[in-house]
Structure formats: structure tokens, C-alpha cells
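Analysis of the macromolecular model
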Number of protein chains: 2
Amino acid sequence: MGGLRGGIDLGGTKIQAVVVDEAGSVLSSVRRPTPKDRGPEGVAEAMADVLRDAAHDAGAETSGLVGVGVGSPGAVDEASGVVARATNVLPEWVGPYALAEELSRRLGAPTTIGNDVQVATDAEFQLGAGRHYRSLLGVFWGTGVGGGLVLDGRGWVGRGAAGEIGHMVYRRRGAHCPCGRRGCMEAYAGRGAMEAHARAMADRGVSTKLFKIMEQRGRTRLASAVWATALAERDRLATRLVDRAVKAIATTVASAVNLLDVEAVVIGGGMGVRLGAPYVERIEQAMQPHLFVSDRPPAVHLAALGDTGGAIGAALLVGASPAGAQVA
Amino acid sequence: MGGLRGGIDLGGTKIQAVVVDEAGSVLSSVRRPTPKDRGPEGVAEAMADVLRDAAHDAGAETSGLVGVGVGSPGAVDEASGVVARATNVLPEWVGPYALAEELSRRLGAPTTIGNDVQVATDAEFQLGAGRHYRSLLGVFWGTGVGGGLVLDGRGWVGRGAAGEIGHMVYRRRGAHCPCGRRGCMEAYAGRGAMEAHARAMADRGVSTKLFKIMEQRGRTRLASAVWATALAERDRLATRLVDRAVKAIATTVASAVNLLDVEAVVIGGGMGVRLGAPYVERIEQAMQPHLFVSDRPPAVHLAALGDTGGAIGAALLVGASPAGAQVA
């Protein structure tokens, strides 16, 4: 049991846990909705439960794991394991919460926390679509659009908040972004902003199947699968909004490449994974006119680890940091 | 004489040479126009002459220098010392020219070549306004707008072409850029694009003192000093175009900061140095609404080494690379 590690990806809608072996191969995977009614404490409890089930499926106890890694949104203090401003998990999760300490106690295993997008990027770099490169931009197209960087083989987090490609300015004084600013790329490409835009258009009488598909699937939000179905049914509004998102992502990623000249771009996230290779190819093509060194574009790949990349990357935190190497 | 190093900054209008001691202190500095009529060979000859004069002023022979560094525009192959596509030096300098070899031969000292903007950034990082930081974005606002990066204490050049902040997309399908693309930040903020715009406006009858000031100063281009004078005289067109440039730079730099979360931004280049601190402050203020982590903005400084930063940075190449450590 010595080499097993746990990984938890904490998202706004779901908690995904995996147990991996020393090589990073997934032995078990469990996913459950994020509880919204019991505060950060309730979220921590659910995270522990989900990982416990994953460990059980792998024939282990959590106390027998070498360690547990967590990919978390919000402001993550890796040294202390404290998470603040995780408002897309819970609107009330504003102040600091000692998530690592709480999980270590519940699981009987040392717990390390990292930024969700950065650990997903690290996973693609170490085990996924980025494994043949030394420098990489990870783009996670979901409710928002997150980014992660690997430069010369190491994750780059700047002062702790690097990678915010979704908040690069796409159009000065442009659309309102969920972050409160204007014209961010995410205001055009984030699934959250796309849904708000679709609702506003539908309210104004623009015809679309998006909300009918949503209801048929028993959803209350325009999940990635809803967009994919609407595109397959050639829904005009869906097509127009996804086209706009592709342009916004491509233009911003091209700007990032002009600044960083990375070898590769990996596109994942709920929308990225669901829409898949044809849309990654469209992003790649739409980048081309904006690339300064146009005869040597970066490789552009679909994320290879799919939905579990975040949890796998979280597990890779174990042993990667001094904290993760200690046994509780 | 053992510790002296030469540095040459090759520009489109001038060649700047310095001789520095082991601490990087400037012992002598010579500047001369870049010859336009004798091809890359003539440029290399002039570069050798300028450095020879600087060495003479420092009481040395070039053959007694530990080495010589060159900051060059275009596509620089650092390993071979070959420079191609230096078209802003000479329109005909498209193919590769073995500049390091030629200079080594003429000077009797080993010569190392680096990217002009990157060496200027390194100089600010080691000796200038960036010396208190570990990560840095250098922005050189001149005819074009170049950028250089220092991340965790080391220059980041990507696959050799990183730092092209002037070609991040400021406005998709926007103004035509000298690079041939559209909407690049440089198309709004580069002095070359600003001059083209001012000429077009003047041709359309917009009143401006810019070209009168240019003639009074015996210039054929709108040099940075011409813009500075026009601003001081409250010329409306000059004010409007500089305001537009400030916005374009600030928006793009804020995007770069959101992506990289560097500690500091250093603004230099002909326009940056000439317009000075008040304009750096305006750029800093105009960045603020676009910063994702708005309560912890990066420090924004005026370049401390002024016009000679590029040549000083070039001298710092000596000893920094294996090539520079060898004696010819």
C-alpha cells in the first residue's frame, strides 16, 4: 500500500477523487456533487467521504496513503493549506478556511493543497497531452476559463495568482465579466457568461433550443453536454455563442503565446473536453492570424486526461512538496 | 584590464557601445548612427569601430577585453552568433549573417549575441529598476514596443521569441501593425505606428505642431523628443495619440500581469525614457481596472539605466554563457 496517493479535485458542482499508484496510474475514481448547504466544513466532510470511497475501491484505507493532494479554486496558501475566496464552491466561502488541516485530521494522511488549474496543468504536463514538451500553457474552458503554466519543466504561479488567461483583456470596455471587470476573455468564452448571454437573448425573443435541451436533461444550468447537443442540432444561437467563444479563446491564447513562446497549448475543462478535438482544431486555426512567429506555431492539443486530470494532478502534489512528504 | 567587458546595442538608428568593469559600472560610452549603405558587413564594421572608441576611452584595447556582448534585433541564434531578419537595422538584412564571428575577428575578443530587448531587461533586473525583484516584465516603448521577461531570477525567452508584448492583440481586426497583422498593441503604441497615424491625420487636415517641431529640430522622423515637445506645448493630436498609446500599453501589460503575476514591470525604450516618470505613472494607473488581483498590483518603474541599458545588458552576456567564457 506504500506507494498509493489520493487526489481530490474540488469544483463548484462536483468533487472528484482518485487514488493513483506511484506511476500516476488511476486505480479508482469517485465523483459526487459538491454539498452547498453546510459551509466549508460540509465541503471538507464530503471531500473526505469521496476520497474514502475511492480508497476503498482501490483496496486501501486513507490512513495508508502516502499522502493526499487537493486541487482547489480560490486563493490557496500552499504552505499553510488554507483556502480563501473559494466563492465558486460556496458563495459564503470568503474568509480563510484551514482545509488541509481538516482533511489531514479526517483522513489520517498528510494533505497538500494546490491551485486547481495549476495541478491540472501539471498533470497534463507529466502524464497527459503535454508530456513531450518542456513548456506549456494549459487552458481550462469551463464555467470560467482558467489557465496554468509550465515553463522549462516547472509550474509557474508567479506570486500565487499566475495563469489567469480568462481575465486577459479581450475587448477593452467590452462585456461585463463575472469577475466584475469588463472585456475579459471569460466574459465571452466562459460557460457561465455564455449562459447569461443566452438567457438574455432568449428573453429578448431569440429562438434557441438550449433551454429545452437543458430541461430534457433535467439540468438547471447550461452544462457542457447541453451546448454540445445544441451544436449537434445546429441551434443558431448556440452556434453563434460558441463561435464567439472560440474567437475569444484563440485571440487571447495567441497573445499569450506571443508573450511566452511556449512549445504547446493544452485545452481542457468541461467545455474543452466535451466539444473535443474538432473545436480544439478550430481554436488552433483561429490563433494563426495573430501569432507573431506564424511559421512556427505551438502544438495545440486536447487535454488527454479528461475530467479526472485535476484529481490526478492533485495526487501528483504528494511528494512534490516538503509538506506532502511527511507522514501525519 | 582583466575584468573589462564590452557591450554593443545594435539599433535601427544608432549603435551604442559601452565598456563596463566587473561590477557592471560603465567606464565609457560611445554612440554613433547605424550606417545604412554598406549592408550587414558595413554595420559590423561600424559596430567594431564604435566599441574600439569606447575601449580607447576606457584606456583599453578591444583585444584586452574579457569578451564582448551584443544586443541585436531580428532572429538571433545565440549558440552560433548568427543574426537573421534584422530588417529594422537594414531592410535587406533578411538572411543569416554571422555577426559574432565577424565581430570576434575584428575585435580580437570573443563575442556573444543576445536578443536586444532581453539583454536590456536583464540589465534592469541585475543593475537597474528591477534589481529588488525576482520576476519582471520589461517593456521597451520605442519605434516598436518590445518586451522581456525575467522569471524566478532567469531570463525567459521561450523557443527564442518570447516577450513580444507589442504583438499581443489589443483590438481584434483593429489597426494595421507594421508587422503585417492587425490590432497588435504596437499598432497603437509604437512610435512608428504613431507617426504614420499622425501623418495620415495631418494629411487629412488635422492641425498639429508635430511636423513643425520635427523640422525645427532637423529631424526626418517623429523622434521621442519631438513627441515630448509637442506634449509640452499641449498639441492636441500629439496628446490624443499618446493617450491612446498609454491605454494600449496599460491594457496589454495588465493582461500580461494577469497571466504571469510578476512582481514588477519596468518601462524603458526611447519613448518611455523620454516621457519619463509621469507617463509611467499614467500607465500604472490605467492598468489598475484590468488587474485581476487588483489589491496587489505589481510595482511599476521607469527603467533606471536609460538609453544605455541595452549596451550594459549586452556586456552582461559576457561570462553568462559558455561561449562568452572562452577567449578567442
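1. Some details on the overall build of chain A
Counting its secondary structure elements, chain A contains 12 helices and 12 strands. Here chain A has a C-alpha radius of gyration of 19 Å; the compact-globule value for 328 residues is 20 Å, and the two agree. On the principal axes, the C-alpha backbone points of chain A span a range of 55 × 45 × 35 Å. Counting the 328 residues in chain A, one finds 54% classified as buried. Partitioning the intrachain contacts of chain A with sequence separation of at least 6 by distance along the chain shows that 64% fall at a separation of at least 24.

2. Brief notes about the domain arrangement of chain A
Residue and element names in this part refer to chain A. Examined at the domain level, chain A breaks down into domain 1 (5-120 + 308-325) and domain 2 (131-304). In this structure, domain 1 and domain 2 have C-alpha centres spaced 25 Å apart. Per-element tally for the side of domain 1 that touches domain 2: the top contributor is helix α3 (residues 116-127), with 3 residues. Of the residues in the side of domain 1 that touches domain 2, the class split is 2 nonpolar, 4 polar and no charged.

3. Some thoughts on the packing of helix α5 (residues 191-203) of chain A against helix α8 (residues 236-260) of chain A
Residue and element names in this part refer to chain A. Interhelical geometry of α5 versus α8 gives an angle of 145 degrees and a closest axis separation of 11 Å. Handedness of the crossing formed by α5 with α8: right-handed. Across the interface between the two elements, M194, H197, A198 and M201 of α5 pack against L237, L241 and A245 of α8.

4. So, the relation of the copies chain A and chain B
Applying a rotation about an axis and a shift along it to one chain copy brings it onto the other copy. Note on the copies: chain A fits chain B at an RMSD of 0.0 Å, the axial shift is 0.0 Å, and the rotation between them is 180 degrees. The superposition of one copy onto the other is thereby described by a two-fold rotation axis. In terms of proximity to the rotation axis, the leading residue of chain A is A:R171, whose C-alpha is 3.3 Å off the axis.

5. Details of the sheet that holds strand β2 (residues 14-20) of chain B
All names here are of chain B. Taken in spatial order, the 5 strands of this open sheet run β3-β2-β1-β4-β7, and their pairing is mixed. Since the sheet does not close on itself, it has two edges, and those belong to β3 (26-33) and β7 (111-115), each with one partner. Each neighbouring strand pair of the sheet contributes to a mean axis angle of 15 degrees, computed without reference to strand direction. Taken together, the 6 bridges between strand β1 (residues 5-10) and β2 define a ladder with antiparallel strand orientation. Looking at the pairing, L10 lines up with I15 of β2. Together, β1, β2, β3, β4 (67-72) and β7 form the strand contacts of helix α11 (residues 309-316), whose direction differs from that of β1 by roughly 135 degrees.

6. Remarks on the sheet that holds strand β3 (residues 26-33) of chain A
All names here are of chain A. One open sheet holds the 5 strands; their spatial order is β3-β2-β1-β4-β7, and the pairing between them is mixed. Looking at which strands have only one partner, the edges of the open sheet turn out to be β3 and β7 (111-115). Between one strand axis and the next, the sheet turns by 15 degrees as a mean value, whatever way the strands run. Along the sheet, α3 makes contact with β1 (5-10), β4 (67-72) and β7, crossing β7 at roughly 95 degrees.

7. With respect to the pairing of β3(A)
Moving residue by residue along a regular strand, the side chains alternate between the two faces of the sheet. All names here are of chain A. As defined by bridge partners, strand β2 (residues 14-20) adjoins β3 across 7 bridges and the pair is classed as antiparallel. Paired with A17 across the bridge in β3 is V30. Between the antiparallel neighbours β2 and β3 lie 5 residues, among them G24 with a positive phi of about 90 degrees.

8. Some thoughts on the nonpolar core
Core analysis: the largest hydrophobic core is formed by 223 residues, its most contacted members being A:I8, A:I249, A:V253, B:I8, B:I249 and B:V253. Discounting residues that sit within four places of it in the chain, B:V253 has contacts with B:L137, B:V139, B:V265, B:I283 and B:M287.

9. Concerning helix α10 (residues 277-287) of chain B
Residue and element names in this part refer to chain B. Along α10, the positions that sit buried rather than exposed are Y279, V280, I283 and M287. What you see down the axis of α10 is that its buried residues fit within an arc of 105 degrees, all on one side. Turned more than 90 degrees off the buried face of α10, the exposed positions are A277, P278 and E281. Turning to α10, the residues buried within the fold contact α8 (236-260), β11 (264-268), α9 (269-275) and β12 (299-302).

10. Notes on the interface of chain A and chain B
At the junction of the two partners, chain A supplies 32 residues and chain B supplies 32 residues. Of all elements in the fold, only β9 (145-151) and α8 of chain A reach the threshold of two or more residues within the side of chain A that touches chain B. In terms of residue count, α8(A) provides more of the side of chain A that touches chain B than any other element does, 7 residues in total. In terms of residue class, the side of chain A that touches chain B is made up of 16 nonpolar, 10 polar and 6 charged.

11. Overview of the packing of helix α1 (residues 39-57) of chain A against helix α2 (residues 99-107) of chain A
All names here are of chain A. Between α1 and α2, the shortest axis-to-axis distance is 10 Å and the interhelical angle comes to 45 degrees. In terms of axis orientation, α1 runs oblique to α2. For the pair α1 and α2, the sense of crossing is right-handed. Between α1 and α2, the contacting residues are A44, M47, A48 and L51 on the first element and L99, E102, L103, R106 and L107 on the second. Here the residues of the contact of α1 with α2 sort into 7 nonpolar, no polar and 2 charged.

12. A short note on unusual backbone geometry
Residues and elements named next belong to chain A. Even without glycine at this site, R85 takes up a positive phi of about 55 degrees. Tracing the backbone shows R85 in the loop between β6 (82-84) and α2. Using a count of 14 C-beta atoms within 10 Å as the deciding quantity, one classes R85 as partly exposed. Unusually for a residue other than glycine, R234 sits at a positive phi of about 55 degrees.

13. Details of the pairing of β7(B)
Residue and element names in this part refer to chain B. A large share of β7 lies buried, amounting to 5 of its 5 residues. Direction of pairing for β4 relative to β7: parallel, over a ladder of 5 bridges. Its bridge partner being in β7, G71 is matched across the sheet by G114.

14. Details of the environment of B:L99
Residues and elements named next belong to chain B. Tracing the sequence through the fold places L99 in helix α2 (residues 99-107). Classification of L99 as buried rests on a count of 28 C-beta atoms within 10 Å. In the structure, L99 is positioned 62 residues away from D37 in sequence and 17 Å away in space, judged by C-alpha atoms. Setting aside its immediate chain neighbours within four residues, L99 contacts A44, V70, S72, G81, V82, V83 and I113.

15. Some remarks on the confidence of the model for chain A
All names here are of chain A. Per-residue confidence for chain A gives a mean pLDDT of 94, with 97% of residues at or over 70. Low pLDDT, under 50, characterises residues 321-328; the predicted model gives this stretch 18 contacts beyond four residues in sequence or across chains. Model confidence for the complex is summarised by a pTM of 0.93, with the ipTM given as 0.93.

16. Things to note about the environment of A:A311
All names here are of chain A. Note that A311 resides in helix α11 (residues 309-316). Take A311: there are 36 C-beta atoms within 10 Å of it, and that puts it in the buried class. In the structure, A311 is positioned 89 residues away from L222 in sequence and 24 Å away in space, judged by C-alpha atoms. In this structure A311 touches G7, I8, D9, Q16, A17 and V18, once residues within four positions along its chain are discounted.

Criteria and thresholds
Residues numbered from 1 in each chain as written. Chains lettered and ligands numbered in written order. Predicted model: local features only at pLDDT ≥ 70, side-chain atom pairs only at ≥ 80, totals over all residues. Helix = DSSP H or I, 4+ residues; strand = E, 2+ residues; numbered from the N terminus. Rg over C-alpha atoms; globule rule 2.2 N^0.38 Å. Buried ≥ 20, exposed ≤ 12 C-beta atoms within 10 Å, placed from the backbone. Contact = placed C-beta atoms within 7 Å. Domains from an automatic or database assignment. Nonpolar A, V, L, I, M, F, W, Y, C, P; charged D, E, K, R; others polar. Axes fitted to C-alpha atoms, helices over the stretch in contact; angles between N-to-C directions. Left-handed = near helix turned anticlockwise from the far one by under 90°. Least-squares fit on C-alpha atoms with pLDDT ≥ 70 in both. Pairing = 2+ DSSP bridges. Core = buried A, V, L, I, M, F, W, Y, C linked by C-beta atoms within 7 Å. Arc of directions from axis to C-beta. Parallel < 35°, antiparallel > 145°, perpendicular 65-115°, else oblique. pLDDT = per-residue confidence, 0-100.

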